[in-house]
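Okay, here's what each chain looks like letter by letter:
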Amino acid sequence: MGRIEKDSLGKIEVPDNVLYGAFTARASRNFRISGLRAKPEFISSIALIKKAAALANMKLGMLDKKIGDAIVQAASEVIEGKYSDQFILDVFQAGAGTPFNMNTNEVIANVAIKTLGGKPGDYHIVHPNNHVNMAQSSNDVIPTAIRISVLLTLPALIRELEETALSFHSKAEEYNNVIKVGRTHLEDAVPIRYGQVFDGYGSSMEKCTGRIKKAQESMLELSIGGTATGTGINTHPEFKKTIISELNGLTGLEFYPGNSIMMSWSMAGFVEMSNSLRILAIELNKISNDLRLLNSGPKAGISEIILPEVEPGSSIMPGKINPSIAEAVNMVCFQVTGNDHAVSLAAEAGQLELNVMTPLIAFDLLWSIKLLINTVRMFREDCVSGIIVDEKRCARLLENSQVLATVLNPYIGYENVAELVKTALHENKSLKQLILERDIIPEIYLNKILDPVKMTEPETIDKRIIEEIKEYWKKREESRIESD
C-alpha cells in the first residue's frame, strides 16, 4: 500500500518506502525508454546546487533557518550518494530535465521532512518547490549541473591523457634510433625514426589535453539565478551572486555569472566541450589504426611492431592473435564522435528563450568523458606500454625499399633518380646495387648520401660532393672518349 500525493494533475499513489514524490512517480511511468539512469556525478551536482541555494536563501533572509538547515543536511547526504536508489528516472525524458530537477527536489524534501520529525509526503513541513527549489528553475539548474558534473569528471580524463603522452614519449626514447620506412598514401616514402613516430603520438595527446583544458573554461560560466527565461524572476536581487559564491566555496572552483538570458538557449559551451572530446577521439582513432597496420601480420603484413597479446584472436584459427585493445579503442572513438553529433544537433534545437534538450546533452557529454577515461587508461596500460618494435624487420624493409631515392635528387637530379627507381624495381635490385653497377656515384660518396639516419632530420646539402660527382662523371666521360 502506498501513500497518496496530490499535484496539479490530481492524486497519485506513491510507494510508502520511497523518498521521491508525485512528480517522479508520474515521470517514471511516462518515460520508460532506455533503462539508463543519470550518472551519479550529475545527480550529486544537482544536489550541490540545492545545497548552495538553501545556504544563499538563508543568508539573504528568504528561507527559514530550520527548514534551510534540514535541506542542507539532506542535500549533503544526496551528494554523498546515500539515496542513489531513489533517482529512478530514464535519461531520455521531458525537455529541460524538469523530471531530474523535481526528483532531486522531492528526495531532498522528504529526507529533510524525516529529519524534522515528519513523514515523507508531509510537504507542509518542507516543500519540494517552495523550499528546495526556491529561486530556481529546471531551466537554470540543469545546465548548471551539467557544467559542475563535467568539471568534477574531467580531471580523471586529463590525468589519463597526460600519462598516455608520457608513455608514448618513453617509447620514443626507447626506440629513437630505429629507422623505418615512412609511408604516405600507404606507399613507401622517406625514412623516419620510430622515436619520431612515437613522439608525434605523445604530442597529439598533449594537444588534445590542451583543447580539453581550454574548453573547461566555458564550463565555469553559470546561468544559475536566471530561473525560467534568464530574467531572474522570483529571486532576490543578490541571489545570483550569492549562490555562485556558495558553489565556489563548496567545490573549490571559480565559477562566475554569465548572461543568463543568452545561456537559457545557447548551448555553445557544451558544444565546445563536446568538440574537444571528438577531436581526442579522432586522434586516438588514427593512432589506433596506425598501430593495427604496423602490427599486421605476423608473416603477411607490415609487422614492424608487436602489440601485447591480451586474448586469443579467433574461435576457429588456433594461435591467431588480434590487436583487440586497438579495436576496442576504435569502437569507443566512433561512439564519442556520434555523441558529439547528437550534442550538436541538440544545441541547434534551442527555440526562443530556451533549449529543452539539456538531458540529452548531459547524458552524452558525461558518457563520452567516462568512455574516454576508461579507454585511454586501457589503451596505455594494455597496449602502448607494451609495444615492441621489431628492429630487424624494420631494417630489412628499409634495405629492400627504394625510399632512399629522394635524398639523391640534389646530387643527380629528380628525373635521373626516377628512372633508376623504375629500373631497380623492374630488375628486383636495390637502388644502391643498381647505382654501383652502373658506376653512377662512387661508393665512398654513395654511403654518405644514403645514410638513413641523416634522412630523418634536416641537413645541409654537401655541395662539395655534388661537384666531385660532376668531376667524376666528367673524367669518366673523357676516359670513355679516349678508349673509343
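Each remark here, short or long, concerns the structure printed above.
Keep in mind that this is a model prediction, so the values were computed, not measured.

Asks: Which parts of the structure should I look at to understand the environment of Leu220?
Replies: Examined against the element boundaries, Leu220 turns out to sit in the loop between α7 (194-216) and β5 (221-222). What Leu220 contacts, discounting residues up to four positions off in sequence, is Leu151, Leu253, Glu254, Phe255 and Tyr256.

Asks: I keep staring at the environment of Ala215 and nothing clicks. Help me out?
Replies: Here Ala215 shows up in helix α7. Exposure remark for Ala215: the relative accessible area of 1% places this residue in the buried category. Linking Ala215 and Glu415, residues 200 residues apart in sequence, is a C-alpha distance of 50 Å. Those residues in contact with Ala215, other than ones at most four positions away along the chain, are Glu272, Met273 and Ser276.

Asks: Sorry, what's going on with the pairing of strand β2 (residues 10-15) here?
Replies: A regular strand places its side chains so that they alternate between the two faces of the sheet. Strand direction decides the pairing type here: strand β1 (residues 2-7) and β2, joined by six bridges, are antiparallel. Following the sheet pairing, Ile4 is matched in β2 by Glu13. Where β1 hands over to β2, the hairpin turn is made up of two residues, counted between the paired strands.

Asks: Sorry, what's going on with the pattern of salt bridges here?
Replies: Oppositely charged side chains can form a pair if their charged atoms are brought close together. All chains considered together, the criterion is met by 18 salt bridges. Ionic pairing is found between Glu5 and Arg3, a salt bridge with its closest N-O pair at 2.8 Å. Like Glu5, the residue Arg3 is buried in the burial classification. Two residues, Glu437 and Lys429, come together in a salt bridge whose shortest N-O distance is 2.8 Å. One network of salt bridges, in which partners are shared, links Glu160, Arg377, Arg380 and Glu381.

Rules of the game
Residues numbered from 1 in each chain as written. Predicted model: local features only at pLDDT ≥ 70, side-chain atom pairs only at ≥ 80, totals over all residues. Heavy atoms only, no water. Helix = DSSP H or I, 4+ residues; strand = E, 2+ residues; numbered from the N terminus. Contact = heavy atoms within 4.5 Å. Buried < 20%, exposed > 50% of the residue type's maximum accessible area, 1.4 Å probe, protein only. Pairing = 2+ DSSP bridges. Salt bridge = Lys/Arg side-chain N within 4 Å of Asp/Glu carboxyl O.

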